[in-house]
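# Analysis of the macromolecular model
Residues per chain, in single letters:
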Amino acid sequence: MMVSYDRALALLDECNGDDLWSVAHCQLRRVPQAWIDELADAFETSYRFRDQTISVPGPESGRRVVNQYHGVRDVDLAIKLGQQLGVQVDSIRAISLTRQALVRNIKEAVFEG
């Protein structure tokens, strides 16, 4: 399943390497259902590391921590988009130390040509 070039760029622009997108959000953003089926998984919160704690919007515009969440990691979506856009993701992955750096490097490769 392919997405149009402009749609792929728009989706990639929304990725940062930190977020889990709900299935509903993916569908709203027009991520192909086949990709959602492939990439969606259940994730668990880690209470040992703050950057691995999953929080969702809560009451009064706050956030609340959840134990489990079913969704798509935006880093996985960025990898899929990068591959579709012709980026050598494996070589970028080899030099990227964090998820955030991986997404940033994919974006740079796409936008710099």
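Scroll up to find the structure this text is about.
Okay, so let's go over this structure. (Residues numbered from 1 in each chain as written. Predicted model: local features only at pLDDT ≥ 70, side-chain atom pairs only at ≥ 80, totals over all residues. Heavy atoms only, no water.)

## Quick look at unusual backbone geometry
Using the following cut-off: Here a strand is any run of E in DSSP of at least two residues, a helix any run of H or I of at least four, and the numbering for each starts at the N terminus. Here the term buried applies to any residue with accessible area under 20% of the maximum for its type, exposed to any over 50%, and partly exposed to those in between, with areas from a 1.4 Å probe on protein chains only.
Look at R30: it is not a glycine, yet its phi comes out positive at around 65 degrees. Along the polypeptide, R30 turns up in the loop between α2 (23–28) and α3 (33–39). On the basis of relative accessible area, R30 is assigned to the exposed category, the value being 55%.

## Re the pattern of salt bridges
For clarity, the threshold we go by: By convention in these notes, a salt bridge is any Lys or Arg side-chain nitrogen within 4 Å of a carboxyl oxygen on Asp or Glu.
Under the criterion given, the structure shown has 4 salt bridges. When the shortest N-O distance is used, the salt bridge between R99 and D18 registers 3.9 Å. You can see R99 sitting in helix α6 (residues 99–112) and its partner D18 sitting in the loop between α1 (5–14) and β1 (20–22), a full 81 residues away along the chain. Assessed through its relative accessible area of 30%, R99 is described here as partly exposed. With a shortest N-O distance of 2.8 Å, D76 and R73 are connected by a salt bridge.

## Some points on the nonpolar core
As a reminder, the rule being used: To define a nonpolar core, start from buried Ala, Val, Leu, Ile, Met, Phe, Trp, Tyr and Cys residues and group those joined through side-chain atoms within 4.5 Å. Contacts are assigned to residue pairs with any non-hydrogen atoms lying within 4.5 Å of each other.
In terms of nonpolar packing, the biggest core is built from 27 residues, with L12, W21, V31, L77, L81, I106 and V110 touching the most fellow members. Only α1, α3, α4 (74–84), α5 (89–95) and α6 provide two or more residues apiece to this core. Ranked by the residues each element gives to this core, the list is headed by α4, at 5 residues. Beyond its immediate chain neighbours, meaning those up to four positions away, W21 contacts L11, E14, C15, C26, R29, V31, Y69, G71, V72, D74 and L77.

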